[in-house]
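# Structural description and commentary
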Amino acid sequence: QVQLVESGGGLVQAGGSLRLSCAASGRTFSQYAMGWFRQAPGKEREFVTAIAQTGAYMSYADSVKGRFTISISRVNAKNTLYLQMNSLKPEDTGAYYCAARPGVVVNDPNHWDYWGQGTQVTVSS
């Protein structure tokens, strides 16, 4: 059974930083692309960033380029995905979801197979 468990969300002032983590288990995640999506109230879930299964390719939404950094740790079959978020803005507020899919990175959330339960990020102005 695939499990993705996010942590690290919270309340932060504009300009601050947060680091999200996603612990992945249940598959050989070295064969999976992994990513972060977010959803604000009343809006559709949107792509934030993703990393290829090799770790050599990363993609970012224009709105977070230069502020957010995705990384992945694969140690002793333990896979952890991270999202370092700096210079946070109120428009970054939303529920952040970790996701995984076999194959290449794609932006469309409908093409991702596995999801975590989400962690809330709130940025106050």
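Further up the page is the structure itself.
One structure accompanies this document, and this report is about it.

About the thresholds
Residues numbered from 1 in each chain as written. Predicted model: local features only at pLDDT ≥ 70, side-chain atom pairs only at ≥ 80, totals over all residues. Heavy atoms only, no water. Core = buried A, V, L, I, M, F, W, Y, C linked by side-chain atoms within 4.5 Å. Buried < 20%, exposed > 50% of the residue type's maximum accessible area, 1.4 Å probe, protein only. Helix = DSSP H or I, 4+ residues; strand = E, 2+ residues; numbered from the N terminus. Pairing = 2+ DSSP bridges. Axes fitted to C-alpha atoms, helices over the stretch in contact; angles between N-to-C directions. Salt bridge = Lys/Arg side-chain N within 4 Å of Asp/Glu carboxyl O. Disulfide = S-S within 2.5 Å.

## What to know about the nonpolar core
Core analysis: the biggest nonpolar cluster contains 34 residues, and Met34, Trp36 and Met85 have the highest contact counts within it. Elements represented by at least two residues in this core include exactly strand S3 (18–25), strand S4 (32–39), strand S5 (46–51), strand S7 (68–75), strand S8 (78–85), strand S9 (94–102) and strand S11 (119–124). The greatest single-element share of this core, amounting to five residues, is contributed by S4.

## Topic: unusual backbone geometry
With phi around 50°, Ser87 is a residue other than glycine that occupies positive phi space. Note on placement: Ser87 falls in the loop between S8 and S9.

## Brief notes about the sheet that holds S8
Spatial ordering of the open sheet is given by S1-S3-S8-S7, a layout of four strands whose pairing is antiparallel. This sheet does not close on itself; its edge strands, each paired only once, are strand S1 (3–7) and S7. Each neighbouring strand pair of the sheet contributes to a mean axis angle of 15°, computed without reference to strand direction.

## Considering the pattern of salt bridges
Side-chain pairs of opposite charge can arise where the charged atoms are in close proximity. Tallying each qualifying case throughout the model produces four salt bridges. Arg38 serves as the salt-bridge partner of Glu46, at 2.6 Å between the closest nitrogen and oxygen. In this structure Arg38 comes out as buried when scored by relative accessible area, which is 7%. With a shortest N-O distance of 2.9 Å, Arg38 and Asp92 are connected by a salt bridge. Placement of Arg38 in strand S4 and of Asp92 in the loop between S8 and S9 is noted, with a sequence separation of 54 residues between them. Given the relative accessible area of 1%, Asp92 is considered buried.

## Thoughts on the state of the cysteines
A complete count under the given rule lists one disulfide for this structure. Between the sulfur atoms of Cys22 and its disulfide partner Cys98 the distance amounts to 2.1 Å. Taking the torsion about the S-S bond as the criterion, the Cys22 to Cys98 disulfide, at about -75°, is left-handed. One end of the pair, Cys22, is in strand S3; the other, Cys98, is in strand S9, with 76 residues separating them in the sequence. Judged by relative accessible area, Cys22 falls into the buried class, the value being 0%. Since its relative accessible area comes to 0%, Cys98 is described here as buried.

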